[in-house]
Amino acid sequence: MDETIIIGSGMAGLTCARTLADAGQPVRVLDKGRGIGGRMATRSVATASGRLTFDHGAQYLRPRDPEFAQVLAQAGMRPWPDGPDHGRQVGMPGMSDALRVLADGLDVTQQIEVTSILWQDGGWNLTTAHGALRCRRVVLTIPAPQISPLLGCAHPFATQSDHVVMAPCLTLMAAFPIDSPRPFATRLDPSHPLAWVAQDSTKPGRAQGAVTWVAQASHAFSNEYLEESPDDIAARMLPLLAEVLGLDPARALYVRAHRWRYAHTSTPLGQPFLRNDDRTLYAGGDWCLGSRAESAWQSGRAIARDILGGAFVD
Ligand SMILES: Cc1cc2nc3c(=O)[nH]c(=O)nc-3n(C[C@H](O)[C@H](O)[C@H](O)COP(=O)(O)OP(=O)(O)OC[C@H]3O[C@@H](n4cnc5c(N)ncnc54)[C@H](O)[C@@H]3O)c2cc1C
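Residues numbered from 1 in each chain as written. Predicted model: local features only at pLDDT ≥ 70, side-chain atom pairs only at ≥ 80, totals over all residues. Heavy atoms only, no water.

### Quick notes on the pairing of strand 13 (residues 194-199)
Burial of strand 13 is extensive: 6 of the 6 residues sit out of reach of the surface. Between the end of strand 12 (residues 186-188) and the start of strand 13, which pair antiparallel, lie 5 residues. Pairing geometry for strand 13 and strand 14 (residues 210-217), over 5 bridges, is antiparallel. Bridging from a neighbouring strand, Val 197 pairs with Ala 215 of strand 14. (Buried < 20%, exposed > 50% of the residue type's maximum accessible area, 1.4 Å probe, protein only. Helix = DSSP H or I, 4+ residues; strand = E, 2+ residues; numbered from the N terminus. Pairing = 2+ DSSP bridges.)

Given below as structure tokens:
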């Protein structure tokens, strides 16, 4: 039987795993996604213009806690000189690479989805498509609305987290020829359907044969078109992006949309994690304290410290 299984290889899960492993605790991380990082996501695609990368989740991190700033520096993050200001850090060569560094040496398995968790005979049974797993302790670091499908809607964690609100975000990735106009590095306009537009290729370490753009739709636009297919979402967002940039949409070399169903927390839990009485079940993530990767880091660290029984002092 495994000692601790953490579900989620995002910032919260990996921070928790790293802290436990560094204290000598055996820990295993499972994630249903293809790559490490969760919403700190980077898509890499081979095109006729060479390999292109897009940070289609978190754009940059702006650390407030000096300890978090140190973690980011150790994970190889660097300032984004063309970004909105110099305090904004980006992963190298993509946002997800920072979490890959954090995961170095940890036991992490991707593409394994946990579909149910049940306490039985002094341990937790986890159901996955690859068979059952058993462990003494489970740490869930998944978006709050995904907790009740795993534990059942009558579970105390489901009721304790049901006032947490997470909003969606539709994201467009688009590449244009290297000689195309680049009117700005970033643009924030919450009143526009494309509330955030960033020239991703201005981030350091991105070897690009094209100008790459990432656009995030506004709250209203994301809610309205959430259930459309990614192709239909891309078809809606590309003309908007082309208009903002003053470009012909037909010149796009690559276009894809991504649907983040649980992108940002609008109402957080208000405490760093949930825990059962015997400390065998925890739930955490950014949604506990806020909507940024730093909140996820705080939550993951707080869970690990609680498991280690107060061995750390703030
Ligand atoms: C479009 C967008 C832009 C953002 N911009 C910024 C920004 O500029 N700055 C910033 O600080 N933050 C930003 N954020 C927020 C930031 O990305 C998150 O706060 C942070 O990454 C959350 O980390 P987490 O570990 O809590 O959750 P996640 O990163 O979501 O990790 C949860 C993991 O759990 C896995 N999982 C879920 N269910 C299961 C299951 N049943 N079985 C196995 N695995 C499962 C998922 O695959 C995922 O990898 C942005 C987010 C989005 C979506």
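### Comments concerning the site of the ligand
Inspection of the region around the ligand gives 36 residues, with Ala 12, Asp 31, Arg 39, Tyr 60 and Asp 286 positioned closest. A distance of 2.7 Å separates an oxygen atom of the ligand from a polar atom in the side chain of Arg 39. A distance of 3.0 Å is found between an oxygen atom of the ligand and a backbone nitrogen or oxygen belonging to Ala 293. The fraction of the free accessible surface of the ligand (1000 Å²) that becomes covered by protein chains is 95%. At the level of secondary structure, the elements contributing two or more residues to the shell around the ligand comprise helix 1 (11-22), strand 11 (165-177), strand 15 (254-267) and helix 8 (293-307). Element by element, the count of residues in the shell around the ligand is highest for strand 15, at 3 residues. Looking at the shell around the ligand residue by residue, the class counts come to 15 nonpolar, 15 polar and 6 charged. In this structure, the shell around the ligand is formed jointly by two domains, domain 1 (2-36 + 103-164 + 268-307) and domain 2 (166-265), each of which donates at least three residues. (Near = heavy atom within 4 Å. Polar contact = N/O pair within 3.5 Å; in protein donor to acceptor, adjacent residues only side chain to side chain. Areas by Shrake-Rupley, 256 points an atom, 1.4 Å probe, with all protein chains shown as cover. Nonpolar A, V, L, I, M, F, W, Y, C, P; charged D, E, K, R; others polar. Domains from an automatic or database assignment.)

### Regarding helix 8
End to end, helix 8 covers 21 Å across 15 residues, agreeing with the expected 21 Å (1.5 Å per residue, within 8%). Most of helix 8 sits out of view: 14 of its 15 residues are buried. Following helix 8 by one or two positions, Gly 309 has its phi on the positive side, about 70 degrees. (Expected span 1.5 Å × (residues − 1).)

### Points about the domain arrangement of the chain
Here the chain is described as being made up of domain 1 (2-36 + 103-164 + 268-307) and domain 2 (166-265). For domain 1 versus domain 2, the distance between C-alpha centres works out to 31 Å. Residue-level contacts link 10 residues of domain 1 with 5 residues of domain 2. Carbon and sulfur atoms make up 67% of the surface buried where domain 1 meets domain 2, a total of about 580 Å² over both sides. When the buried area of domain 1 at its contact with domain 2 is split by residue, Pro 143, Pro 145 and Ser 291 rank highest and sum to 52% of it. Where domain 1 touches domain 2, the interface holds 0 salt bridges. Of the residues contributing to the side of domain 1 that touches domain 2, the split by class is 6 nonpolar, 3 polar and 1 charged. (Contact = heavy atoms within 4.5 Å. Buried area = accessible area lost by both parts, 1.4 Å probe. Salt bridge = Lys/Arg side-chain N within 4 Å of Asp/Glu carboxyl O.)

### Focus: the pattern of salt bridges
Applying the stated criterion across every chain yields a total of 15 salt bridges. Of the charged contacts in the structure, one is a salt bridge between Asp 55 and Arg 206, with a shortest N-O distance of 2.6 Å. One end of the pair, Asp 55, is in strand 4 (residues 50-55); the other, Arg 206, is in the loop between strand 13 and strand 14, and 151 residues separate them in sequence. Of the two residues, Asp 55 and Arg 206, both sit in the buried class. As a salt-bridge pair, Arg 187 and Asp 189 come within 3.8 Å of each other at their nearest N and O atoms. Counted as one network, the salt bridges with shared partners bring together Asp 55, Asp 200, Lys 203 and Arg 206.

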